[in-house]
Amino acid sequence: MAVKECPMCGETMRLRERVRRADPSTVHVVTSGFGLTGPYRNWKRSSLTDWVAGGHAYLTGLPDREPLQGGGPWASYVTGQTAAIGAQAALLHAVRTGEGQLVDVSAIESMAALHQWTITMYTHTGCIKGRWGNRFAESVHPIALYECSDGWISIVAPSYPSFEALCLVIDAPELLLEPAFEANAVRFDRANEIDPYITAWTQQRTCDEAVSLDLKLADAAEGGVHACLHVLECPNLGHGQVADDSRHTTQVDGLTLTETHIDDDGVQFLGDLSDER
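Residues numbered from 1 in each chain as written. Predicted model: local features only at pLDDT ≥ 70, side-chain atom pairs only at ≥ 80, totals over all residues. Heavy atoms only, no water.

Engineer: Residues and numbers for the packing of aromatic side chains, please.
Structural biologist: Following the criterion strictly, the structure yields seven aromatic pairs and no others. Their ring planes at 15° and their centres at 4.1 Å tell us that Tyr40 and Trp43 sit as a pair that is stacked. Taken together through their ring pairs, the aromatic side chains of Phe34, Tyr40 and Trp43 make up a single cluster. Taking the ring centre of Tyr58 as reference, the NZ or CZ of Arg131 above it sits at 6.0 Å. The positively charged end of Arg187 is found above the aromatic ring belonging to Phe163, 5.0 Å away from the centroid. (Phe/Tyr/Trp six-rings, centres within 6.5 Å; stacked < 30°, edge-to-face > 60°. Lys NZ or Arg CZ within 6 Å of the ring centre and 35° of its normal.)

Engineer: Describe in detail helix α4 (residues 107-114), supporting the description with residues and values.
Structural biologist: Where α4 is concerned, the buried positions are Ala107, Ser110 and Met111. Taken end-on, α4 shows its buried residues confined to a sector of 95°, consistent with a single buried face. Residues of α4 that are exposed and point over 90 degrees away from its buried face: Glu109 and Ala113. For α4, the elements touching its buried residues are β2 (28-32), α2 (47-53), α3 (74-97) and β3 (102-106). (Buried < 20%, exposed > 50% of the residue type's maximum accessible area, 1.4 Å probe, protein only. Helix = DSSP H or I, 4+ residues; strand = E, 2+ residues; numbered from the N terminus. Arc of directions from axis to C-beta. Contact = heavy atoms within 4.5 Å.)

Engineer: Before we move on, can you summarise the pairing of β2 with the specific residues and values?
Structural biologist: Of all five residues that make up β2, five are buried, and the element is covered over most of its length. Alternating positions in β2 separate into two faces, His28, Val30 and Ser32 on one and Val29 and Thr31 on the other, with burial throughout.

Engineer: Could you give an account of the environment of Asp171, naming the residues involved and the relevant values?
Structural biologist: Examined against the element boundaries, Asp171 turns out to sit in the loop between α6 (160-169) and α7 (184-189). The class for Asp171 is exposed, based on a relative accessible area of 62%. A sequence separation of 27 residues divides Asp171 from Ile198, and the C-alpha atoms of the two residues are 9.3 Å apart.

Engineer: If you had to explain a nonpolar patch on the surface to someone new, which residues and values would you point to?
Structural biologist: A surface patch of nonpolar side chains, about 380 Å² in accessible area, is lined by Tyr58, Tyr122 and Ile128. Mapped onto the elements of the fold, Tyr58 is located in the loop between α2 and α3. (Patch = residues over 30% accessible without salt bridge, like charges linked within 9 Å, V, L, I, M, F, W, Y side chains within 5 Å. Areas by Shrake-Rupley, 256 points an atom, 1.4 Å probe, with all protein chains shown as cover. Salt bridge = Lys/Arg side-chain N within 4 Å of Asp/Glu carboxyl O.)

This is how it looks when you write it as structure tokens:
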């Protein structure tokens, strides 16, 4: 099997033909920004163009500001994952038939396929999903990030019973006097009326205070927004000893490959660190 990132489609197709003549059963996997066919096939790509072309920049950022690229190399991950799945299918076909195939994987198609229901929202209801900042832009609220005195937390209270309990915890019973808020979609449409009450409560507390017993009593899912350093220092992660500091090296064709040891036995399951079972 040959794997290649496509710099120029003509060059890639010529290489594919040479490989096919040498061994017809060879699977040739090619990743690119826009695929080997179509009017964009020779365009250059980057992590930003992959994110934008796949339709995700339209969803990322604040509604009154410019679009933003999502954090991390997600487009590359998704393209590679899609290519791996295609390669497995092509290899299975080659084993069964002796016929190798060309697996053409583009970032634009991989990212477009990643949309959860953005496209079907438009094709079936005419709704164009946009940017909603720190809110989960669907049809329920609150599912969002809120600022505390020393950082940010997430609060997830999508059902009306959890919203009702949250209002009592943050001392905002007046929100419960609005019968329309019983509907999930209405709470999302009128989130600007709800969020000031939540923000006024969170900004008076640290992250640890905000996610303590009070929010747990509200039956809301909550948690701090952790930087990478905080994740590594998380006591729950350290307790499980999922990853350690040991490094394992392997020699392959003159190359030294280094990896971090992952201990599957250290994975924690629900209730392992609490009284819940």
